[in-house]
Amino acid sequence: PGGSIIIGPDPFNIVHIQEIAALSQQQRLPAISVYRQFVTDGGLMSYGPDTMDIFRRSASYIDRILKGASPADLPVQQPTKFELFVNLKSAQALGLTVPPTLLALADEVIE
């Protein structure tokens, strides 16, 4: 009772994200992940960096390196955009009420 799961960013987790979502539903455990796919597979919610934005910004790094910049001289960049996804079906199955303010902040709500 009162348990929950946080699924961190790990290659093992992304490979098995469907099984993790199914197990969290089966065991009736609220779970959050950094991966959007977790929510579309039935997980409760996800909050993490926008991976498309990261890939877009990576392209400028590749361009700079191909033009002769040393990779060691390029600054390390942190994610600047984060996304929140909520699955209301999963919340209802768990008997949870998602506050309207959280739903308003979400980038996408799956109903």
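For the structure itself, consult the block above.
Since the structure is predicted, the reported quantities are computational estimates derived from the model, not experimental observations.

Rules behind the numbers
Residues numbered from 1 in each chain as written. Predicted model: local features only at pLDDT ≥ 70, side-chain atom pairs only at ≥ 80, totals over all residues. Heavy atoms only, no water. Helix = DSSP H or I, 4+ residues; strand = E, 2+ residues; numbered from the N terminus. Rg over C-alpha atoms; globule rule 2.2 N^0.38 Å. Buried < 20%, exposed > 50% of the residue type's maximum accessible area, 1.4 Å probe, protein only. Contact = heavy atoms within 4.5 Å. Pairing = 2+ DSSP bridges. Axes fitted to C-alpha atoms, helices over the stretch in contact; angles between N-to-C directions. Arc of directions from axis to C-beta. Salt bridge = Lys/Arg side-chain N within 4 Å of Asp/Glu carboxyl O.

### What to know about the overall build of the chain
Here's step 1: Looking only at helices and strands, the chain features six helices and five strands.
Here's step 2: Beginning at the N terminus, the succession of helices and strands in the chain can be written as β-α-α-β-α-β-α-β-α-α-β.
Here's step 3: A compact globule built from 111 residues would reach a C-alpha radius of gyration of about 13 Å, whereas the chain, at 17 Å, exceeds it by more than 25%.
Here's step 4: When the backbone C-alpha atoms are referred to their principal axes, the chain occupies close to 55 × 30 × 20 Å.
Here's step 5: For the chain, buried positions account for 29% of its 111 residues.
Here's step 6: The contacts of the chain with a sequence gap of at least 6 include a subset with a gap of at least 24, amounting to 48%.

### Quick word on the sheet that holds strand β5 (residues 108-110)
Here's step 1: A sheet is described by the order of its strands in space; here five strands give the open sequence β1-β2-β3-β4-β5, paired in mixed fashion. A single partner strand is all that each edge strand has here, and the edge strands are β1 (5-7) and β5. For this sheet, the mean inter-axis angle between neighbouring strands, taken without regard to orientation, is 15°.

### Some words on helix α2 (residues 17-26)
Because an α-helix completes one turn every 3.6 residues, residues spaced three or four positions apart along the sequence face the same direction.
Here's step 1: For α2, the full list of buried residues reads I17, I20, A21 and S24. Around the axis of α2, the buried residues are gathered within 100° of arc, so they sit on the same side. In α2, those exposed residues whose orientation departs by more than 90 degrees from the buried face are Q18 and Q26.
Here's step 2: Those residues of α2 that are buried are in contact with β1, α1 (11-15), β2 (31-33) and α3 (36-40).

### Considerations on the pattern of salt bridges
Here's step 1: A complete count under the given rule lists four salt bridges for this structure.
Here's step 2: In this structure, R57 and D53 form a salt bridge, with 3.7 Å as the shortest nitrogen-oxygen distance. Separated by four residues within a single helix, R57 and D53 lie in helix α4 (residues 51-66), roughly one turn from each other.
Here's step 3: Judged by its relative accessible area of 15%, D53 falls in the buried class.

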